[in-house]
Amino acid sequence: VQLVESGGGLVQPGGSLRLSCAASGFTFSRYGMRWYRQAPGKEREFVASIRAAGDSTNYADSVKGRFTISRDNAKNTVYLQMNSLKPEDTAVYYCKASDGSWGQGTQVTVSS
C-alpha cells in the first residue's frame, strides 16, 4: 500500500489549496479515506473523512464549511479542497486509508 500526498505549500490567509492523495497497492474503491493534520508541538488530529463510495463525509468542527473532501475512485485519489485558510490551519497534512496505512504528509503553511 502506498499513499502519496501532494499540493501543499505556502498560502496567504484567506487563500485556497487543494491537496491530493494518490493511492496504489490496494483496491482503493473499497476503503474509506481520511485526512489528518499535525501542527508543530501538537498531536495529530482528524480533519475529514469520506466513505468508500464517496456518499458520506464528515468534518472536524474547525474546518467545517471551509474544507471539502472528495474522491475519484477511477483515479485512486482522494482530495481535500481547503478554502478560507487561516494561520491555525498550518500543519503537515496526512491521508490515511481505513486499512491503517498512512501517507508521508505534505506541508501547508498559511502566513502573510
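See the structure above.
Conventions and cut-offs
Residues numbered from 1 in each chain as written. Predicted model: local features only at pLDDT ≥ 70, side-chain atom pairs only at ≥ 80, totals over all residues. Heavy atoms only, no water. Pairing = 2+ DSSP bridges. Helix = DSSP H or I, 4+ residues; strand = E, 2+ residues; numbered from the N terminus. Axes fitted to C-alpha atoms, helices over the stretch in contact; angles between N-to-C directions. Phe/Tyr/Trp six-rings, centres within 6.5 Å; stacked < 30°, edge-to-face > 60°. Lys NZ or Arg CZ within 6 Å of the ring centre and 35° of its normal.

Engineer: Explain the sheet that holds strand β8 (residues 77-82) here, please?
Structural biologist: Backbone-to-backbone hydrogen bonds join strands into a sheet, with any given pair of strands oriented parallel or antiparallel. Pairing is antiparallel in the open sheet, where four strands are placed in the order β1-β3-β8-β7. At either margin of the open sheet sits one strand with a lone partner, and together these are β1 (2-6) and β7 (67-72). Sheet twist, expressed as the mean angle between neighbouring strand axes with direction ignored, is 15°. Sheet analysis places β7 next to β8, joined by six bridges and oriented antiparallel. Along β8, the bridge assignment pairs S70 with Y79.

Engineer: Where do I start with the sheet that holds strand β2 (residues 9-11) in this structure?
Structural biologist: Spatially, six strands are ordered β2-β10-β9-β4-β5-β6 in an open sheet, and the strand pairing comes out mixed. Bordering the open sheet on either side are β2 and β6 (57-59), each of which pairs with just one other strand. Put simply, the sheet's adjacent strands are angled 25° from each other on average, direction ignored. Alignment of strand β4 (residues 33-38) against strand β9 (residues 91-97), held across six bridges, turns out to be antiparallel.

Engineer: Mind showing me how you'd approach the packing of aromatic side chains here?
Structural biologist: Two descriptors summarise a pair of aromatic rings, namely the distance from one centre to the other and the angle between the planes of the rings. The final tally for this structure, using the stated rule, is five aromatic pairs. When the centroid spacing of 5.9 Å and the interplanar angle of 80° are considered together, the rings of Y36 and F46 count as edge-to-face. Of this pair, Y36 sits in strand β4 while F46 sits in strand β5 (residues 45-50), and the two are 10 residues apart along the sequence. The residue whose ring lies beneath R44 is Y94, and the NZ or CZ to ring-centre distance is 3.7 Å. In this structure, R71 packs its charged tip against the face of F28, placed 4.3 Å from the ring centre.

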